[in-house]
Amino acid sequence: MSEAEQVSVSAPEAAAAAVLDALNATDSNGTEALNATAKFVATPEGTALAYGSLVFMALLPIFFGALRSVTCSKSKNAADMPETITSRDAARFPIIASCTLFGLYLFFKVFSQEYINLLLSVYFFVLGVLALSHTMSPLMFRIFPASIPNKQYQLLFTQGSGESKEEIVNYEFDTKNLVCLLISSVVGVWYLLKKHWIANNLFGLAFALNGVELLHLNNVSTGCILLGGLFVYDVFWVFGTNVMVTVAKSFEAPIKLVFPQDLLEKGLGASNFAMLGLGDIVIPGIFIALLLRFDVSLKKNSRTYFYSSFLAYIFGLGLTIFVMHTFKHAQPALLYLVPACVGFPVIVALFKGELTEMFRYEESSPEEAAAKEDSSESDKKDQ
């Protein structure tokens, strides 16, 4: 690893996607610099542009993902229902992430990095196309011309016959979804062939936004358990070993946002990147989204906790970049993000006298919410 590089790898987004989450990185000088014979020195303008762009890109999926999570929590469509993280899941997160991370470290030590990354490219191509398509859908529904007929389709796979027939896949979509899928596929082919940083960022933003939208914490206590555990995880694997840095350097996938520090000199062909791992976005993002849903539950027409945590995230991320740039050393981003994103809203709740109410807030799983709604409807009919 060159002297100019600083890497901060963040925690997992979900247990089902631990590979994607355990490899998030924050790097000041890019992957292409690893093979450079001379140390690249970024200009102050290039550095400021790269860091500013990364912060801006990090805020986009958190802000819009949190807004979409409110709608998602009320959805009755099985495809759009969120995955609820319980306190038990949160407690197991750091252990699962650590095992995954160390397993990948051994994997890269034993097998050829080239072939591993080839398989990962194909895997993330499929995931990226689906994630980007899902991200684009609301926009497409607004701009799709009314003159073009929007036909409905259904993809159905069943097993068995007669009364024993079971549905394996039952996916409904329309013309607008097909257009989104086509556009996403073009971006996917671009990424697969060129590995261009813009294509990487489009996939990375889609992954992050989908993570914030679809991964829901069931209450604030669970969020504190998750962030606290990953705080320790991040600090240990960054400061305690070289495992995280080694895996992050070897892992070629759109699991990070990148922006070139030499963009002003080389244009779109620039290759010395500053990087921000998706885990540094998604992990705090799902907590911020929870606070927005708590704001909505208060029915006070204010977003106090959402905006306080959002501003806290900006402060924590800015502090991470400042320390990393000043000391020229790897920094675990959650070391700064977790205290900020948890501490600011708690202070606001104490000031407003709503701390107990905040920690009592419980978000029902989609199944429980549907059961409650069905029960209330049946009660109304009985009356």
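Remember, it's a predicted structure, so these values are computed and weren't measured experimentally. (Residues numbered from 1 in each chain as written. Predicted model: local features only at pLDDT ≥ 70, side-chain atom pairs only at ≥ 80, totals over all residues. Heavy atoms only, no water.)

K.L.:
Just give me the short version of the overall build of the chain, but keep the residues and values in it.
P.N.:
Across its full length, the chain carries 14 helices and 8 strands. Within the chain, buried positions represent 49% of all 383 residues. Accessible area for the chain stands at about 18,800 Å²; split by element, carbon and sulfur atoms hold 63% of it. (Helix = DSSP H or I, 4+ residues; strand = E, 2+ residues; numbered from the N terminus. Buried < 20%, exposed > 50% of the residue type's maximum accessible area, 1.4 Å probe, protein only. Areas by Shrake-Rupley, 256 points an atom, 1.4 Å probe, with all protein chains shown as cover.)

K.L.:
Talk me through the UniProt feature "transmembrane region" (unreviewed entry) in the chain; I want residue IDs and the actual numbers.
P.N.:
As recorded in UniProt, the sites labelled "transmembrane region" (unreviewed entry) are residues 48–70, 90–108, 114–132, 199–217, 224–248, 268–292, 304–327 and 333–351. This span, residues 304–327, is 100% helix and 0% strand, and a straight line between its end C-alpha atoms measures 34 Å. End-to-end, the C-alpha atoms of residues 333–351 are 27 Å apart, and along that stretch the chain is 95% helix and 0% strand. (UniProt positions renumbered as here; feature names shortened; annotations may be inferred.)

K.L.:
Describe the pattern of salt bridges, and please don't skip the residues or the numbers.
P.N.:
Applying the stated criterion across every chain yields a total of 5 salt bridges. One salt bridge in this structure joins R68 and E213, with 3.2 Å as the shortest N-O distance. Taken as a pair, R68 in helix α2 (residues 44–73) and E213 in helix α6 (residues 197–214) lie far apart in primary sequence, 145 residues in all. By relative accessible area, R68 is classed as buried at 18%. (Salt bridge = Lys/Arg side-chain N within 4 Å of Asp/Glu carboxyl O.)

K.L.:
Account for the packing of aromatic side chains, with residues named and values stated.
P.N.:
Two descriptors summarise a pair of aromatic rings, namely the distance from one centre to the other and the angle between the planes of the rings. Within the structure shown, the criterion is met by 15 aromatic pairs. The interplanar angle of 65° and the centroid separation of 5.8 Å between the aromatic rings of F63 and F310 together place this pair among those described as edge-to-face. On the criterion of sequence distance, the pair formed by F63 in helix α2 and F310 in helix α11 (residues 304–327) is long-range, its members being 247 residues apart. The class for F63 is partly exposed, based on a relative accessible area of 26%. Feature note: the residues F63, F64, F306, Y307 and F310 constitute an aromatic cluster, connected by ring pairs. A cation over an aromatic ring shows up here: K195 above the ring of Y191, its NZ or CZ 5.2 Å from the ring centre. (Phe/Tyr/Trp six-rings, centres within 6.5 Å; stacked < 30°, edge-to-face > 60°. Lys NZ or Arg CZ within 6 Å of the ring centre and 35° of its normal.)

K.L.:
Pulling in residues and values, what's your account of the nonpolar core?
P.N.:
Grouped together as the largest cluster of nonpolar side chains are 89 residues, with contacts concentrated most on L226, I281, Y313 and L317. If you tally residues by element for this core, the top one is helix α10 (residues 279–298), at 12 residues. With residues up to four places along the chain from it excluded, the contact list for I281 reads A58, P61, I62, A208, L257, L276 and Y313. (Core = buried A, V, L, I, M, F, W, Y, C linked by side-chain atoms within 4.5 Å. Contact = heavy atoms within 4.5 Å.)

K.L.:
Describe unusual backbone geometry, listing the residues and the values that go with them.
P.N.:
Positive phi is not limited to glycine here, since K195 has a value of about 55°. Overall, the relative accessible area of 34% leaves K195 in the partly exposed class. Positioned with a positive phi, K299 is a non-glycine residue whose angle comes to about 55°. Relative to the assigned elements, K299 resides in the loop between α10 and α11. For K299, a relative accessible area of 76% corresponds to the exposed category.

K.L.:
Give me the confidence of the model for the chain: which residues, what numbers.
P.N.:
In this model, the chain carries an average pLDDT of 82, and 83% of its residues clear a pLDDT of 70 or more. Residue range residues 1–25 is modelled with pLDDT below 50. Its contacts to residues more than four positions away, or to other chains, number 112 contacts. (pLDDT = per-residue confidence, 0-100.)

K.L.:
Describe the packing of helix α7 (residues 220–240) against α10, naming the residues involved and giving the relevant values.
P.N.:
How two helices sit against one another is set out by the angle between their axes and by the gap between those axes. Viewed as axis vectors pointing N to C, α7 and α10 meet at an angle of 165°, and their least axial separation amounts to 10 Å. Taken together, the axes of α7 and α10 are roughly antiparallel relative to one another. Crossing hand, α7 versus α10: left-handed. Where α7 abuts α10, its residues V220, G223, C224, L226, L227 and L230 lie against I283, I286, F287, L290 and L291. Classifying every residue of the contact of α7 with α10 gives 10 nonpolar, 1 polar and no charged. (Axes fitted to C-alpha atoms, helices over the stretch in contact; angles between N-to-C directions. Parallel < 35°, antiparallel > 145°, perpendicular 65-115°, else oblique. Left-handed = near helix turned anticlockwise from the far one by under 90°. Nonpolar A, V, L, I, M, F, W, Y, C, P; charged D, E, K, R; others polar.)

K.L.:
An account of the side chain of Q261 is needed here, citing residue identities and associated values.
P.N.:
When you line up the elements, Q261 lands in the loop between β7 (256–260) and α9 (263–266). What makes Q261 buried here is its relative accessible area of 4%. Separated by 3.4 Å, the side chains of Q261 and T47 make a polar contact. (Polar contact = N/O pair within 3.5 Å; in protein donor to acceptor, adjacent residues only side chain to side chain.)

K.L.:
Account for the packing of α11 against helix α12 (residues 334–352), with residues named and values stated.
P.N.:
It is at 8 Å that the axes of α11 and α12 come closest, and there the two elements cross at 150°. Handedness of the crossing formed by α11 with α12: right-handed. Taken together, the residues of α12 that come into contact with α11 (itself represented by T304, Y305, S308, S309, A312, Y313, F315, G316, L317, L319, T320 and V323) are Y336, L337, A340, C341, F344, P345, V348, A349 and K352. In terms of residue class, the contact of α11 with α12 is built from 15 nonpolar, 5 polar and 1 charged.

K.L.:
Tell me what's going on with empty space enclosed by the protein, and back it up with residues and numbers.
P.N.:
With the rule as written, the count across this model stands at 2 cavities of 30 Å³ or more. Within the residue set of the lining of the second largest cavity, elements represented by two or more residues are α7, α10, α12 and α13 (355–360). Among the elements that line the lining of the second largest cavity, the one with the most residues is α12, at 3 residues. A class-by-class count of the residues in the lining of the second largest cavity yields 9 nonpolar, no polar and no charged. (1 Å grid on protein atoms, 1.4 Å probe; cavity = no way out; pocket = protein on both sides within 12 Å on 5 of 7 lines; lining within 4 Å. Points joined across faces, edges and corners; volume = space filled by probe spheres on them.)

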